[in-house]
Amino acid sequence: MSKEQKIWLDGELVNQADAKISVFDHGLLYGDGVFEGIRFYNGRVFKLIEHVERLFNSAKAIMLKMPWTLEEVCDIVCETIRANELRDGYVRLVVTRGAGGLGMNPYLCETPSMFCIAASIQLYPEEYYTKGLEIVTCSTRRPSHATLSPQVKSLNYLNNVMAKIECVKAGVMEGIMLNENGTVAECTGDNLFIIKKGVIATPKISDGALDGITRETIFELCDELGVGIFEETLTRYDVYTADEVFLTGTAAEVIPVVKYDDREIGDGNVGEITKHLINAYTECVNSDVSSTEIYEQDAE
Ligand code: PMP
């Protein structure tokens, strides 16, 4: 029998079966909380501080006062991975407003709850990284900046879930969400990039793209490789007529797109620049010296 997964929950490592949250928790009742998805490779957490900083920014935006410091949260992530004896995998870090009354008033929730899950994952089957994905346009829009900022990684992912339902019904694994102006924001759980005549473009943050940590890594890699990359307002037409398209996300990493709304992207095969970036990203996550060591024996 495989060993039971250990979950970090409010200061303790508990077995998965004992990791329980109150039915009065406002994360459950109102989507009142924030989260992060984090990857670790070869016993090191990739961009841990950036993820935890984004978690603290999301918490600040919803006025959720974190009872842990940034350093403590980083340590909790590493401790959870160690408890599960993993070297490669994915971490889900969730902070909720905590248990309160049935009413909405968040000030009645005494203390936030935090839990951390470390697991092995494979988001997309391996073949999609070589053959590419098909995607569609979802009718569900990305929430506008006039509502809760789309930069807040809150537990309210219902728009994304609605868009994901459209993807599943269309028989594809991802889909583009447009913003309220009808231009491209991003995908349901990934950022989007297009390549035209050797130049890369991705929607602006102000167009509803999440300030993705993988997105940021692509900017850094393009800088190192001398490839031009810009933030631009992109329309569906821009994506239809791109030479190459790819998506990025912590879980997805860099994944090519070869078909969009029934139109082949370029010649319908994975493009050369995308292949190059997939390799560069793999190399980066496995060799990044700024990654956080999880196990002491690795930290010589
Ligand atoms: N957009 C959305 C809506 C997401 O949930 C994610 C995953 N966090 C991304 C983009 C990609 O962001 P990152 O590279 O930071 O994982």
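This report concerns the structure included in the present document.

The rules behind the values
Residues numbered from 1 in each chain as written. Predicted model: local features only at pLDDT ≥ 70, side-chain atom pairs only at ≥ 80, totals over all residues. Heavy atoms only, no water. Helix = DSSP H or I, 4+ residues; strand = E, 2+ residues; numbered from the N terminus. Buried < 20%, exposed > 50% of the residue type's maximum accessible area, 1.4 Å probe, protein only. Contact = heavy atoms within 4.5 Å. Areas by Shrake-Rupley, 256 points an atom, 1.4 Å probe, with all protein chains shown as cover. Lys, Arg positive; Asp, Glu negative; His and termini not counted. Charge placed at Lys NZ, Arg CZ, Asp CG, Glu CD. Phe/Tyr/Trp six-rings, centres within 6.5 Å; stacked < 30°, edge-to-face > 60°. Lys NZ or Arg CZ within 6 Å of the ring centre and 35° of its normal. Near = heavy atom within 4 Å. Polar contact = N/O pair within 3.5 Å; in protein donor to acceptor, adjacent residues only side chain to side chain. Nonpolar A, V, L, I, M, F, W, Y, C, P; charged D, E, K, R; others polar. Pairing = 2+ DSSP bridges. Axes fitted to C-alpha atoms, helices over the stretch in contact; angles between N-to-C directions. Parallel < 35°, antiparallel > 145°, perpendicular 65-115°, else oblique. Left-handed = near helix turned anticlockwise from the far one by under 90°. Expected span 1.5 Å × (residues − 1).

Details of the overall build of the protein
Then, number 1: When you go through the protein residue by residue, the secondary structure sums to 8 helices and 16 strands.
Then, number 2: Principal axes of the C-alpha set define a box for the protein whose edges measure 55 × 50 × 35 Å.
Then, number 3: Put simply, the protein has 300 residues, and 50% of those count as buried.
Then, number 4: Sequence separation of 24 or more characterises 70% of the internal contacts of the protein that already satisfy a separation of 6 or more.
Then, number 5: Carbon and sulfur atoms make up 53% of the accessible area of the protein, which totals about 14700 Å².
Then, number 6: Charge-centre separation for the protein: the mean point of 27 positive side chains lies 5 Å from the mean point of 47 negative side chains.

Digging into the packing of aromatic side chains
Then, number 1: Scanning the entire structure with this criterion turns up 5 aromatic pairs.
Then, number 2: Centre to centre, the rings of Tyr41 and Phe46 are 6.4 Å apart; their planes meet at 85 degrees, and the pair counts as edge-to-face. Each member of the pair Tyr41 and Phe46 is classed as buried.
Then, number 3: Residue placement shows Arg263 over the ring face of Tyr240; its charged tip is 3.8 Å from the ring centre.

Some thoughts on the site of the ligand
Then, number 1: Taken together, 17 residues form the shell around the ligand, and within it Lys153, Tyr157, Ile213, Thr214 and Thr250 come nearest.
Then, number 2: In the model, a nitrogen atom of the ligand is placed 2.7 Å from a nitrogen or oxygen of the Lys153 side chain.
Then, number 3: At a separation of 2.9 Å, a nitrogen atom of the ligand approaches a polar side-chain atom of Glu186.
Then, number 4: When the free accessible area of the ligand is taken as 380 Å², the share hidden by the protein chains comes to 94%.
Then, number 5: At the level of secondary structure, the elements contributing two or more residues to the shell around the ligand comprise helix H6 (213–225) and strand S13 (244–249).
Then, number 6: Among the residues making up the shell around the ligand, the classes are represented as 3 nonpolar, 9 polar and 5 charged.

Brief notes about the sheet that holds strand S1 (residues 6–9)
Then, number 1: Strand order in this open sheet of 7 strands is S2-S1-S6-S5-S3-S4-S16, and the pairing throughout is antiparallel. With partners counted over all chains shown, the strands left at the sheet margins are strand S2 (12–15) and strand S16 (292–293), one partner each.
Then, number 2: Here 7 bridges tie strand S5 (residues 89–96) to strand S6 (residues 113–119), and the two strands are oriented antiparallel to one another. The partner of Arg92 across the bridge, within S6, is Ile117.
Then, number 3: Against the sheet, helix H2 (residues 48–61) touches strand S3 (33–41), strand S4 (44–45), S5 and S16, its axis set at about 175 degrees to S3.

Some details on the packing of H2 against helix H3 (residues 70–83)
Then, number 1: Remark: H2 packs on H3, axes separated minimally by 10 Å, with the N-to-C direction vectors making an angle of 125 degrees. The orientation of H2 relative to H3 falls into the category oblique. As for the relative orientation of H2 and H3, their crossing is right-handed in sense. Taken together, the residues of H3 that come into contact with H2 (itself represented by Leu48, Ile49, Val52, Glu53, Leu55 and Phe56) are Leu70, Val73, Cys74, Val77 and Cys78.
Then, number 2: Residues belonging to the contact of H2 with H3 are distributed by class as follows: 10 nonpolar, no polar and 1 charged.

What about H3?
Then, number 1: Helix length check: H3, at 14 residues, gives a terminal C-alpha distance of 20 Å against a target of 20 Å (1.5 Å per residue), a fit within 8%.
Then, number 2: Among the residues of H3, those classed as buried are Val73, Cys74, Ile76, Val77, Cys78, Thr80 and Ile81.
Then, number 3: Following H3 by one or two positions, Glu85 adopts a phi angle in the positive range, close to 50 degrees.

Considering unusual backbone geometry
Then, number 1: Non-glycine residue Asn42 carries a positive phi angle of around 50 degrees.
Then, number 2: Of note in the backbone geometry, Met63 takes a positive phi value of approximately 60 degrees without being a glycine.
Then, number 3: Within the secondary structure, Met63 sits in the loop between H2 and H3.

Structural notes on the environment of Arg92
Then, number 1: Mapped onto the secondary structure, Arg92 falls in strand S5.
Then, number 2: Sequence separation between Arg92 and Val168 is 76 residues; the distance between their C-alpha atoms is 23 Å.
Then, number 3: Look past the residues within four positions of Arg92 in its chain and what remains in contact with it is Phe35, Glu36, Gly37, Phe115, Cys116 and Ile117.
Then, number 4: A distance of 2.9 Å separates the side chain of Arg92 from the side chain of Tyr90, its partner in a polar contact.

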